[in-house]
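Close look at the chain arrangement
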Amino acid sequence: MKAVILFYSTNQAIWAENELKSHELSCRLISVPRHLSSDCGYCVQIDAEDKEKATDILTANKIEFEKIEIL
Amino acid sequence: MLKDRTEGGVIYFDNAATSFPKPQCVSEAVMHYMTKIGANPGRSGHKMSVEAGRIVFKARKSIAALFGLRNPMRVIFTSNATEALNMAILGVLEKGDHAITSSMEHNSTIRPLHEMEKKGIISLSIIQADKTGILDPDKIRKAIRANTKAIIINHASNVVGCIQPIREIGKICRENGVIFIVDCAQSAGIVPIDIDQDNIDILAFAGHKALYGPTGTGGMVIADRFDFKRIKPLKYGGTGSLSDKIEQPDFLPDRFESGTLNVAGLSGLLAGSEYIRHRDGGIERILEHKTELQKYFIQKAEMLVEDFCCFSSAQLPSTGVVAFKLNKFSVSEIAQILSDEYGIMCRQGLHCSPLAHQTIGTFPEGTLRFGFSIFNNKEEIDFAVQALKSISEGKQT
Ligand SMILES: Cc1ncc(COP(=O)(O)O)c(C=O)c1O
C-alpha cells in the first residue's frame, strides 16, 4: 500500500523528498492523484507503512505539510 | 605572459562590483538549465518543472549551509543585494520607529533609510566610523533608544575592505531586543558567517560577487529563531501555491517570493556557492588569500610608487578591497589609462557610498578601487604596480 503526503507548496514537497531520501526512506515526487485536490502540482509518495517515520522526519525538520493520505 | 593567464588578456580587479571570471562550473550550470531544463519551478507537475524546482531547492540548501542556517526555506531569493536590503528595511520598519546605521553603508541601505526618514516614517541615527572605516560597538550601544527597532550594518566595506565586529554589535542588538540586519554583499563567500552565532536576524547577500554566481542573483536570509512575520512582504503575487486564494501565502519562502525566479541565475549561483564551500581550506583560506593580496599590493605600491596614497589597511584581515589614489592625477584619468593602456579593470569614484568616502576623507572625488578575487595572484599585482609606477612617473607605454 502507498500513501501520499500533500503540501501547500512545491518548495516544501521538494524539501521533503530530499530529507526523506537522506533518511533512506523510499519515496518519489508524483503528480497529485485526481481524487485528492491540492494546488501544489505534486506530492510525495511513500510506502504506507512508513507513514509514521515520515511524519517524524518532516516534523523534526519543521517541514510543513497539509496531510498524509493512504491510497 | 600575463595574457595567457587571464581571461581575454585583461587583468580584472573589479571583483567588488561583480566577480569575473566565474568558475567554469558556473557557466556550465547556467547552460545546462537553459538548454536541458528550462521550465518554471513550482508551477507545474511535469518533469522539467520538478527538475527546475530541485535546482532552486539545492541552491537554497547550499546558501543555508554557507550561513549555518538550518531551514533552507528561510533563504529568500532576490535579484541582488539591493532588493534584499530593501525587503528587510522597508519590511521591518514602521511609523514611529528609530533605526541605527553607520557611515560605512552602501546606498542600497542608506537610500531606503533616508527615504523613510524624509517621509517622516522613521528617525535615523548614523554612527560615524573611524578613519579606517571601523565601527565602535559602544557608540552603537549608546545610540539605542526606547523605540529603536533595527540596526543595519554593512559587514565588509565595499570601499576599503575592512570587516566590522558584527558578532559584538549583534550581541548588543540581542541584549536590547533590536533587530539586527546585516549587509553581507561584500563578505558572503569571503568572511565566515554563522547567522546564529553572529547574532544576525536578517542578512542580505549578493550572489554575483564573492559567491561567483551570475548577475541578477542575491537573497535575504532570515535566522531560524527570528519571527519572519515581523517582516511585511514588499511584493505580492503568484507563488504557485494556494492559488484558490487571493491572499498572499504566509509561509516561507512564498510570503516573500512572488513571481518567477531567475532559475538560470540560481543554477549558476548553486554551482558558485558549492565551488566556494568545497574549496581547499574553505572560506577561512579565502579570507587569508584576500588579506594576503591586499597586504602585498599595498606594501609593494607604497615601496615603488612615489605618490601612492592608500586608504585601506595592510594589517587587518580584509576582503581584498583597496581604495587608493595617486596624488598628482585624477582618479578617472588613472582608471582610463589602466583600462586602455594596461588592460587593468578597476572602478573609480564613490562606489555608491558617499558617506564612506566622507568617513575616510576622500569625498567628493573618491578613489580608485582594486577588488581582488580568488583567481587573482601576485604576478598580476606586480604588473599593476609597475603600471601605476609608470603612470606616476609620467612614462606610460
Ligand atoms: C556593501 C554593498 N552593499 C550592497 C551592494 C549592492 O549589491 P547589488 O549590486 O547586488 O544590489 C553592494 C554592491 O554593489 C555592496 O558593495
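Above this text you will find the structure in question.
Residues numbered from 1 in each chain as written. Chains lettered and ligands numbered in written order. Predicted model: local features only at pLDDT ≥ 70, side-chain atom pairs only at ≥ 80, totals over all residues. Heavy atoms only, no water.

**Here we look at the pairing of strand β8 (residues 218-222) of chain B**
Looking along a regular strand, one sees side chains alternate from face to face of the sheet. Residues and elements named next belong to chain B. Most of β8 sits out of view: 5 of its 5 residues are buried. Every second residue of β8 is oriented toward a common face, with G218, M220 and I222 on one face and G219 and V221 on the other, all of them buried. Relative to β8, strand β2 (residues 75-78) runs antiparallel, the two sharing 4 bridges. Bridging across to β8, I76 finds its partner in M220. With 5 bridges connecting them, strand β7 (residues 202-206) and β8 associate as antiparallel partners. Across the sheet, residue A204 finds its bridge partner in β8, namely M220. (Buried < 20%, exposed > 50% of the residue type's maximum accessible area, 1.4 Å probe, protein only. Helix = DSSP H or I, 4+ residues; strand = E, 2+ residues; numbered from the N terminus. Pairing = 2+ DSSP bridges.)

**With respect to helix α7 (residues 166-176) of chain B**
An α-helical turn contains 3.6 residues, so any two residues separated by three or four positions project in the same direction. Residues and elements named next belong to chain B. For α7, the set of buried residues is I166, I169, G170, I172 and C173. The arc that holds every buried residue of α7, seen down its axis, measures 155°, which confines them to one face. On its buried side, α7 packs onto α6 (137-143), β5 (148-154) and β6 (179-183). Immediately beyond the C-terminal end of α7, within one or two residues, lies G177, with a positive phi of roughly 65°. (Arc of directions from axis to C-beta. Contact = heavy atoms within 4.5 Å.)

**Describing the sheet that holds strand β4 (residues 67-70) of chain A**
All names here are of chain A. Sheet architecture is open: 4 strands sit in the order β2-β3-β1-β4, paired in antiparallel fashion. Edge positions in the sheet fall to β2 (27-31) and β4, since each has one partner strand and no second. Within the sheet, the average angular offset between the axes of one strand and its neighbour, ignoring direction, is 30°. Pairing of β2 with strand β3 (residues 42-47), which is carried by 5 bridges, proceeds in the antiparallel orientation. In the sheet register, L29 faces β3, and the bridge partner there is V44. (Axes fitted to C-alpha atoms, helices over the stretch in contact; angles between N-to-C directions.)

**Here's the deal with the packing of helix α4 (residues 81-92) of chain B against helix α5 (residues 107-118) of chain B**
Residues and elements named next belong to chain B. With their axes 9 Å apart at the nearest point, α4 and α5 run at an angle of 35° to one another. The two elements α4 and α5 meet at a crossing, and its hand is right-handed. In this structure, α4 uses T82, L85, N86, I89 and L90 to contact α5, whose residues at the interface are S108, T109, P112, L113 and M116. In the contact of α4 with α5, the residues fall into 6 nonpolar, 4 polar and no charged. (Left-handed = near helix turned anticlockwise from the far one by under 90°. Nonpolar A, V, L, I, M, F, W, Y, C, P; charged D, E, K, R; others polar.)

**Considerations on the interface of chain A and chain B**
At the junction of the two partners, chain A supplies 16 residues and chain B supplies 21 residues. Surface buried jointly by chain A and chain B totals about 1,500 Å² across both partners, of which 57% is contributed by carbon and sulfur atoms. At the boundary of chain A with chain B, the tally comes to 1 salt bridge. A salt bridge links R54(B) to E17(A), with the nearest nitrogen and oxygen atoms 2.6 Å apart. When contributions to the side of chain A that touches chain B are tallied by element, the ones reaching two or more residues are α1 (10-22) and β2 of chain A. Per element, the largest residue contribution to the side of chain A that touches chain B is 8 residues, and it comes from α1(A). Among the residues forming the side of chain A that touches chain B, the class breakdown is 5 nonpolar, 7 polar and 4 charged. (Buried area = accessible area lost by both parts, 1.4 Å probe. Salt bridge = Lys/Arg side-chain N within 4 Å of Asp/Glu carboxyl O.)

**Side note on unusual backbone geometry**
Omega for the bond connecting F20(B) with P21(B) falls within 30 degrees of zero, at -5°, which places this linkage in the cis form. Mapped onto the elements of the fold, P21(B) is located in the loop between β1 (11-12) and α2 (24-37). Across the junction of F363(B) and P364(B), the peptide omega takes the value 5°, indicating a cis bond. Here P364(B) shows up in the loop between α11 (354-360) and β13 (367-371). Its identity as a non-glycine residue notwithstanding, E24(A) has a phi of 60°, on the positive side. E24(A) gets classed as exposed once you look at its relative accessible area, which sits at 74%. Phi angles above zero are rare outside glycine, and H351(B) is one such case at about 50°. The residue H351(B) is located in the loop between β12 (347-349) and α11 in this model.

**Examining the pattern of salt bridges**
This structure, assessed with the given rule, holds 28 salt bridges over all chains. Between E69(A) and K67(A) there is a salt bridge, with its nearest N and O atoms 3.8 Å apart. Taking relative accessible area as the criterion, E69(A) reaches 26% and is therefore assigned partly exposed. For K67(A), a relative accessible area of 33% puts it in the partly exposed group. One network of salt bridges, in which partners are shared, links D138(B), R141(B), K142(B), K171(B) and E175(B).

**Regarding the sheet that holds strand β9 (residues 308-310) of chain B**
Pairing between the strands of a sheet is mediated by backbone hydrogen bonds and can be parallel or antiparallel. Residues and elements named next belong to chain B. One open sheet accounts for 4 strands, arranged β9-β10-β13-β12; its pairing is antiparallel. Strands with a single pairing partner mark the edges of an open sheet, and in this sheet they are β9 and β12. Each adjacent strand pair in this sheet contributes to an overall mean axis angle of 35°, direction not counted. Pairing between β12 and β13: 3 bridges, direction antiparallel. Opposite R347, over in β13, you have R369 as the bridge partner. Sitting on the sheet, helix α9 (residues 282-304) is in contact with β9, β10 (321-326) and β13, with an inclination near 145° to β9.

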